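Residue strings, one per chain:
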Amino acid sequence: MAPRPEYCDRTRTGRIPAEPFVIPVGMVVMSQEATSLFGPLAQFGNDAPDYEKLREGTNRMVPFSAHVGIDITEIGPERAVAEIPAQDRMQNHMGSVHAGALFLAADVASGSAFVGAMAPRLSSVVRFVVRESRCTFLKPALGRIRAIATVDERVVSGVLGRDTAEKFDIDTKALCYDDNDVLVAKFSFDCVCKITED
């Protein structure tokens, strides 16, 4: 294999690579026209959700979080956990975990918490997007970070109790802890979801 020309390396030149971005085999890719946003995962939801399969599928769903190295370690009906590895590439210029990495982990954990909570109706979800977010950074984040997220249970129980098509707002929250279980940041996300009739 011939070496890649230097101009293809964005880190050296700032230019966009000449080669197209290739999604690794096994990566779940959703099109804008998909009937269900979580179609590939829906088979693991329904009446008896397989949360381990949901975790595995969700871990592959967003190419950017896989590229960065965010790992979803838990999905359940009440919460989800995503981790940032303790690696130098996750740090800012001061040696702590970069705020962008913290935000991504909180966002991934929150989306995963939604998947776990809405597992029985995943096949009906056609849209789930963040409308607004808020964050509070409390302490320098050092080492491995765990983002633990939950969704508004009242909204989930109401939606799961109906089988109608609807658009609704749902709030998620994520708390980020370091390796010493010190709370380093808090995030909240206001999301919009649209589902079809079952």
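Let me sum up the structure you'll find in this document. (Residues numbered from 1 in each chain as written. Predicted model: local features only at pLDDT ≥ 70, side-chain atom pairs only at ≥ 80, totals over all residues. Heavy atoms only, no water.)

## Section: the pairing of strand S4 (residues 145-151)
- Most of S4 is tucked away, with six of its seven residues classed as buried.
- Examined bridge by bridge, strand S2 (residues 80-84) and S4 share five bridges and lie antiparallel to one another. Opposite Glu83, over in S4, you have Arg146 as the bridge partner.
- Pairing analysis gives six bridges linking S4 to strand S5 (residues 166-177), with the strands arranged antiparallel. Bridge pairing in S5 links Ile148 to Leu175. (Buried < 20%, exposed > 50% of the residue type's maximum accessible area, 1.4 Å probe, protein only. Helix = DSSP H or I, 4+ residues; strand = E, 2+ residues; numbered from the N terminus. Pairing = 2+ DSSP bridges.)

## Describing the packing of aromatic side chains
- For the coordinates displayed, the defined rule picks out five aromatic pairs.
- Measuring from centroid to centroid gives 5.5 Å for Phe103 and Phe189, while their planes differ by 70°, and the two rings are edge-to-face. Here Phe103 is found in helix H5 (residues 99-117), whereas its partner Phe189 is found in strand S6 (residues 183-195), with 86 residues between them in sequence.
- When its relative accessible area of 30% is taken as the criterion, Phe103 is described as partly exposed.
- A connected cluster of aromatic rings, assembled from ring pairs, spans Phe103, Phe137, Phe187 and Phe189. (Phe/Tyr/Trp six-rings, centres within 6.5 Å; stacked < 30°, edge-to-face > 60°.)

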